[in-house]
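# Breakdown of the fold
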Amino acid sequence: MDMSSASGRKALISLLVDWSLGSVDCLGFDPSIRYALGSDAGRLHFEIDVHEKDKRTGKVASRTYYSNRCVRVAAASLTGRHARYFAASASLETMDDPTVLIKDMWVPLRSDCSGDTHDESPILNVLHSAFDDNSAFKDKFPRLVSSGPVYLRHGDRLISDTTATAFAALPSASPQATAASGGDAQSSPGRQHKRAVMKWAGNAISAADNVSQVIVAIADAMEAHNAAYVNCGVIHGNITDRAILFQETKDGVSGALAEFDYATCDSVSRTSAANHEKPELMTFRSILSLVSTRAARTRLDDWECLLYLVICLGTYGINDNERRAFFDAFSAADL
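Conventions adopted
- Residues numbered from 1 in each chain as written.
- Predicted model: local features only at pLDDT ≥ 70, side-chain atom pairs only at ≥ 80, totals over all residues.
- Heavy atoms only, no water.
- pLDDT = per-residue confidence, 0-100.
- Helix = DSSP H or I, 4+ residues; strand = E, 2+ residues; numbered from the N terminus.
- Contact = heavy atoms within 4.5 Å.
- Pairing = 2+ DSSP bridges.
- Axes fitted to C-alpha atoms, helices over the stretch in contact; angles between N-to-C directions.
- Core = buried A, V, L, I, M, F, W, Y, C linked by side-chain atoms within 4.5 Å.
- Buried < 20%, exposed > 50% of the residue type's maximum accessible area, 1.4 Å probe, protein only.
- Arc of directions from axis to C-beta.
- Phe/Tyr/Trp six-rings, centres within 6.5 Å; stacked < 30°, edge-to-face > 60°.
- Parallel < 35°, antiparallel > 145°, perpendicular 65-115°, else oblique.
- Nonpolar A, V, L, I, M, F, W, Y, C, P; charged D, E, K, R; others polar.

Chain-level pLDDT for the protein chain is 79 on average; 76% of the residues reach the 70-or-more range. Looking over the protein chain, one finds the lowest element-wise mean pLDDT in helix α4 (residues 175-180), namely 39, and the highest in helix α5 (residues 211-232), namely 95. Taken as a whole, residues 172-187 scores under 50 in pLDDT and shows 17 contacts with residues more than four places along the chain or in a different chain.

Shown next as structure tokens:
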């Protein structure tokens, strides 16, 4: 940025404004998620671009979803997949009644850059193939609409958003310019920016209003957990408060099981490292996951994680308001 020019100063101010907005809504600097001003009394909302690549032609198409600035789960972890969730809709008029859940994440890639080590898409496809005709379980798992990399526009080209893209010179149309800048920016991506769109299956239990909702959600989710193991050989591997969903329907409260990034499945091959890699949240890890061991996880590890989750909910509260009140009272106590 040239601070001696008006355009350079404008670029700096724009960057600072983008950073300040990112600190409020956890957006970061991401041109594929934008603030927008709607016609509804000047109401701010998010416009979220999702890129879909045609397998036959290889062309990338973009579709925009709309969110009422509702970040269901923020990317607060320093390790793991850095995933955040947006409730959204394909229409601006219906964004207050979300139809999809958008999972935005920075995922670690294999050392040979061949793909995401924890892509949950194959496992979700296995589950829905097994339960599509089962009315008791077909809605107990997120249904994938689309999943793929996030692309950035560079001139008239689209480039995949990776850590290599962020820290290296942008690829040029000229091979000589690319070589002069240090080679191919895609040679060692490290992490890749991905976005998955799933049909709406509910909120995380951290948004529950009462204990009854939590109890029903956990019961339904763990019933689905058992069915996934018995019918498909799926072991979830990462039971947390954001893996168990609930929603209010005309028939009452129902629960679902999500977050299959660390799951293992008999029919889905994963690398040895992926099968033993520890989930990002230490709070609900099983003892086996905490110690230095190469032993494979079992479904008993998931039940152990659920025990820790229930203890945490019972001690600190079931939602953010209750937890905030707990810690405020603890801080104010005369110890």
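Moving on to the sheet that holds strand β2 (residues 44-53). Ordered in space as β1-β2-β3, the 3 strands form an open sheet in which the pairing is antiparallel. Where the open sheet ends on each side, the last strands, each with one partner, are β1 (33-37) and β3 (60-67). If you compare each strand with its neighbour and ignore which way they point, the axes differ by 35° on average. Here β2 pairs with β3 via 8 bridges, running antiparallel.

Counting residues in hydrophobic clusters, the biggest one holds 34 residues, and the most contacted among them are Ile123, Leu127, Val234, Ile239, Ile244, Phe260 and Leu309. Secondary-structure elements contributing two or more residues to this core are α2 (121-131), α5, β12 (244-249) and α8 (299-316). It is α5 that provides the largest number of residues to this core, a total of 9 residues. Core analysis: the second largest hydrophobic core is formed by 10 residues, Ile33, Phe46, Ile48 and Val197 among them.

Our next topic: the environment of Thr162. Residue placement: Thr162 occurs in the loop between β9 (157-160) and α3 (163-167). In sequence terms Thr162 and Leu109 are 53 residues apart; their C-alpha atoms lie 9.8 Å from each other.

The subject of this paragraph is α2. Within α2, the full set of buried residues consists of Ser121, Ile123, Leu124, Leu127, His128 and Phe131. Along α2, the residues classed as buried sweep out an arc of 165° about the axis, all on the same side. Check the buried side of α2 and you find it contacts β7 (144-149), β10 (191-199) and α5.

On to the sheet that holds strand β11 (residues 203-204). Strand order across the open sheet formed by 3 strands is β11-β12-β13, with antiparallel pairing between neighbours. Looking at strand neighbours, the two that pair on one side only are β11 and β13 (252-257), the edges of this open sheet. The strands touched by α5 are β12 and β13; relative to β13, the strand with the most contacts, the crossing angle is about 40°.

Looking now at unusual backbone geometry. Trans is the prevailing form of peptide bonds, just as negative phi is the prevailing case for residues other than glycine. Positive phi outside glycine occurs at Glu259, with the angle close to 65°. By secondary structure assignment, the location of Glu259 is in the loop between β13 and α6 (272-276).

Moving on: the packing of aromatic side chains. Applying the stated criterion to the full structure yields 7 aromatic pairs. Considering the side-chain rings of Phe131 and Phe141, the 5.6 Å spacing of their centres and the 25° angle between planes classify their relative orientation as stacked. A residue pair is termed long-range when its members are at least 10 positions apart, and Phe131 in helix α2 and Phe141 in the loop between α2 and β7 qualify at 10 residues. Judged by its relative accessible area of 2%, Phe131 falls in the buried class. A residue is classified by how much of its surface remains accessible, and Phe141, at 3% relative accessible area, is buried.

So, about the packing of α5 against α8. Where α5 meets α8, the closest approach of the two axes is 12 Å, and the angle between their N-to-C directions is 175°. When the axis of α5 is compared with that of α8, the two are roughly antiparallel. Between α5 and α8, the contacting residues are Val214, Ile218, Met222, His225, Asn226 and Tyr229 on the first element and Arg299, Asp302, Trp303, Leu306, Val310 and Leu313 on the second. Split by residue class, the contact of α5 with α8 holds 8 nonpolar, 2 polar and 2 charged.

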